[in-house]
Amino acid sequence: MWRSILFFILVATGAAAQERPQGLLWNKTGLPATIPLQVKTTAEADYVLRLRAYETGEMALAAYIRGGEFFRVLVPPGFYELVFASGRDWQGEPELFGPETREFRLDPPLIFNSTATRREGYLIDLQDQEAITIRLLATCDRRALDPDSLRATRDPEDRVIGRPQTFDRPERPDKIPFARYEVQRRFCD
């Protein structure tokens, strides 16, 4: 009898609260998410972040932030209003945090921009609700030479099949090194 009562209590409690998600919930833009957005929070509450396209008013992306934990998400390029909802007991997306949900919007809307080698996002600090700060957070791509690609001799498996191109050493075209580069992403100055 006690087992059935305990089972009923556990089932009833589980129906009211849902497991807290973490990170990206959805991206409805169809664009690749490549631009960094980092949010600092306190452990007092969790947050749901929604990006609303400024031009159309449609929701573009949503993410769940566990309060006090490191949070970084990649977002697609665009001009967005950032809408936050915060609370303690996650009820799911339609209800968010139930009747205790606190919603607010950052002003002004933010532009997330991307070029061939630079992605401009933001670092938002919500730790002091009276003095929210927004800073530019950009990442840059740098191409780094793979020094092993310039070896004087290549393994037989590395040879290109077909007629080799001759550049500056026509007498030994099979020994011409081909430089390889890898892309390294880092925070910009």
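The written sequence of each chain sets the order in which its residues are numbered from 1. The predicted origin of the model limits local features to residues at a pLDDT of at least 70 and limits the giving and counting of side-chain atom pairs to 80 or more, whereas totals for whole chains, interfaces and linings rest on all residues. Where side-chain values are given, they derive from all heavy atoms of the structure, hydrogens and water being excluded.

Q: Any chance you could explain the overall build of the protein chain here in plain terms?
A: When helices and strands are counted, the protein chain shows one helix and 11 strands. What you see in the protein chain, going N to C, is helices and strands ordered as α-β-β-β-β-β-β-β-β-β-β-β. A simple rule labels every residue: compare its accessible area, found with a 1.4 Å probe on the protein chains alone, to the largest value its type can have, and call it buried under 20%, exposed over 50%, or partly exposed in between. When each of the 189 residues of the protein chain is scored for burial, the buried share is 33%. Considering only contacts within the protein chain whose residues lie at least 6 apart along the sequence, 65% involve residues at least 24 apart. Helix and strand labels come from DSSP, where a helix needs a run of H or I of at least four residues and a strand needs a run of E of at least two; each type is numbered from the N terminus. For this analysis, residues touch if any pair of their heavy atoms sits within 4.5 Å.

Q: What is the right way to look at the state of the cysteines in this model?
A: Disulfides are covalent bonds that connect the sulfur atoms of two cysteines. A pair of sulfur atoms, both from cysteines and within 2.5 Å, is called a disulfide here. In this structure the tally under the stated criterion is one disulfide. Disulfide partner of Cys140: Cys188, at an S-S distance of 1.7 Å. Here the S-S torsion is close to 115°, and the disulfide linking Cys140 with Cys188 is therefore right-handed. Of this pair, Cys140 sits in strand β10 (residues 133–146) while Cys188 sits in the segment after β11 (180–187), and the two are 48 residues apart along the sequence.

Q: Explanation requested: the packing of aromatic side chains in the structure shown.
A: For Phe, Tyr and Trp, rings pair up if their centres lie within 6.5 Å, where Trp contributes its six-membered ring, and each pair is then called stacked (planes under 30 degrees apart), edge-to-face (over 60) or tilted (otherwise). Evaluated as defined, the whole model comprises eight aromatic pairs. With 5.9 Å between their ring centres and 55° between their planes, Tyr80 and Phe112 make a pair best called tilted. One end of the pair, Tyr80, is in strand β6 (residues 78–87); the other, Phe112, is in strand β8 (residues 110–114), and 32 residues separate them in sequence. In this structure Tyr80 comes out as buried when scored by relative accessible area, which is 4%. Phe112 sits in the buried class, given a relative accessible area of 2%. Note on Phe112 and Tyr122: the rings are 5.2 Å apart at their centroids and 85° apart in plane angle, and the pair reads as edge-to-face. Note that Phe112 is positioned in strand β8 and Tyr122 in strand β9 (residues 118–125), a separation of 10 residues in sequence. Through pairs of rings, three or more aromatic residues link up here, namely Tyr47, Phe84 and Phe104. For a Lys NZ or an Arg CZ to count as sitting over a ring, it must be within 6 Å of the ring centre and within 35 degrees of the ring normal. In this structure, Lys28 is placed above the aromatic ring of Trp26, and the distance from its NZ or CZ to the ring centre is 4.4 Å.

Q: Looking at this model, I keep getting lost on the nonpolar core. Mind explaining?
A: As a rule of thumb, soluble globular proteins bury nonpolar side chains together. One finds Leu37, Leu51, Leu82, Phe84, Phe112 and Ile124 to be the most contacted residues of the largest nonpolar core, which totals 23 residues. For this core, the secondary-structure elements that each account for two or more residues are β2 (35–40), β3 (46–53), β4 (59–65), β5 (72–75), β6, β8 and β9. In terms of residue count, β4 provides more of this core than any other element does, four residues in total. Grouping buried Ala, Val, Leu, Ile, Met, Phe, Trp, Tyr and Cys residues that are joined through side-chain atoms within 4.5 Å yields what is termed a nonpolar core. If you look at the next biggest cluster of nonpolar residues, it comprises six residues, including Val48, Tyr64, Ala85 and Leu96.

Q: Would you explain unusual backbone geometry in this entry?
A: Where the residue is not glycine, phi is negative for most of them; where a peptide bond is considered, it is trans in most cases. Look at the link from Asp107 to Pro108: it is a cis peptide, with omega at 10°. Looking at the secondary structure, you find Pro108 in the loop between β7 (102–105) and β8. For Leu96, which is not glycine, the phi dihedral falls at a positive 55°. Judged by its relative accessible area of 7%, Leu96 falls in the buried class.

Q: Help me understand the pattern of salt bridges in this model?
A: Opposite charge on two side chains allows them to pair when their charged atoms are near. What makes a salt bridge here is a side-chain nitrogen of Lys or Arg within 4 Å of a carboxyl oxygen of Asp or Glu, nothing more. As enumerated under the stated definition, the model contains nine salt bridges in all. In this structure, Glu81 and Arg105 form a salt bridge, with 3.7 Å as the shortest nitrogen-oxygen distance. In this pair, Glu81 is assigned in strand β6 and Arg105 in strand β7, connecting sequence segments 24 residues apart. We classify Arg105 as partly exposed; its relative accessible area is 45%. If you follow the salt bridges from partner to partner, you end up with Arg52, Glu81, Arg105 and Asp107 in one network.

Q: Help me understand the pairing of β5 in this model?
A: The side chains of a regular strand alternate, first on one face of the sheet and then on the other. Only one face of β5 is covered, namely the one carrying Val73 and Val75; the face carrying Arg72 and Leu74 has none of its residues buried. Examined bridge by bridge, β2 and β5 share four bridges and lie antiparallel to one another. Residue pairing across strands places Pro36 opposite Leu74, the latter belonging to β5. DSSP bridges decide pairing: two strands pair if at least two such bridges lie between them.

Any functional reading would require information that these geometric values do not contain.
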